[in-house]
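Each chain, letter by letter, is given below.
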Amino acid sequence: GLFVGALSQPMDTVKTCMQGDLGRENFGTITQTLQSLVRQQGVLGLYRGYTYRSLNIIIDFVLLDWLARVFAPIMFPSKC
């Protein structure tokens with residue numbers, strides 16, 4: 001989860017910047033947006049928001065694991 005999140009974070013940052021620029025005033029194509037972000041903020045700028053994303057992944061995993069443990073015996077009593 002966290003590894004895949006780190007791999008996909010740069011493209012997610014590019015996508016988010018493009019979505020926020022409705023008038024296409026600051027960002028054009030994917031390549032132009034990527035180049036602009038690296039020029040303005042460096043490569044680490046592509047990982048803005050990764051802390052939030054990684055915490056979200058961890059919380060989701062813990063919550064889903066807990067829900068599975070609680071509801072599995074109720075939903076599938078013969079298998080637990």
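Residues numbered from 1 in each chain as written. Predicted model: local features only at pLDDT ≥ 70, side-chain atom pairs only at ≥ 80, totals over all residues. Heavy atoms only, no water.

Peer 1: Teacher, can you tell me more about the overall build of the protein here?
Peer 2: A count of helical and extended segments in the protein gives three helices and zero strands. When the helices and strands of the protein are listed from N to C terminus, the series reads α-α-α. The dimensions of the protein, computed from C-alpha atoms along their principal axes, are 60 × 25 × 15 Å. Looking at the 80 residues of the protein, the share that counts as buried comes to 19%. Intrachain contacts of the protein at a sequence separation of at least 6 include 53% that bridge at least 24 residues. Just so you have it, the protein exposes about 6,200 Å², and 67% of that area is on carbon and sulfur atoms. Placing the 7 positive and 5 negative side-chain charges of the protein at their respective mean positions leaves the two points 5 Å apart. (Helix = DSSP H or I, 4+ residues; strand = E, 2+ residues; numbered from the N terminus. Buried < 20%, exposed > 50% of the residue type's maximum accessible area, 1.4 Å probe, protein only. Contact = heavy atoms within 4.5 Å. Areas by Shrake-Rupley, 256 points an atom, 1.4 Å probe, with all protein chains shown as cover. Lys, Arg positive; Asp, Glu negative; His and termini not counted. Charge placed at Lys NZ, Arg CZ, Asp CG, Glu CD.)

Peer 1: Help me understand the nonpolar core, please; the structure alone is not making it clear to me.
Peer 2: Grouped burial of nonpolar side chains is what soluble globular proteins tend to show. Ranked by size, the top nonpolar core spans six residues in total: Val-14, Cys-17, Met-18, Phe-27, Leu-37 and Leu-46. With residues near it in sequence (within four places) discarded, Met-18 still touches Arg-24, Phe-27, Gly-28, Thr-29, Ile-30 and Thr-33. (Core = buried A, V, L, I, M, F, W, Y, C linked by side-chain atoms within 4.5 Å.)

Peer 1: Can you walk me through the environment of Asn-56 in this structure?
Peer 2: Within the secondary structure, Asn-56 sits in helix α3 (residues 50–75). Residues Asn-56 and Leu-2 lie 54 residues apart in sequence; the distance between their C-alpha atoms is 9.8 Å.

Peer 1: Before we go on, may I ask you to explain helix α2 (residues 30–41) in this structure?
Peer 2: A turn of α-helix holds 3.6 residues, and therefore any two residues three or four places apart point the same way. End to end, α2 covers 16 Å across 12 residues, agreeing with the expected 16 Å (1.5 Å per residue, within 8%). Taken together, the buried positions of α2 are occupied by Thr-33, Ser-36 and Leu-37. The buried residues of α2 occupy one face: seen down the axis, they fall within an arc of 100°. The elements touched by buried residues of α2 are α1 (2–20). Positive phi shows up at Gly-42, right after α2, with a value of about 80°. (Expected span 1.5 Å × (residues − 1). Arc of directions from axis to C-beta.)

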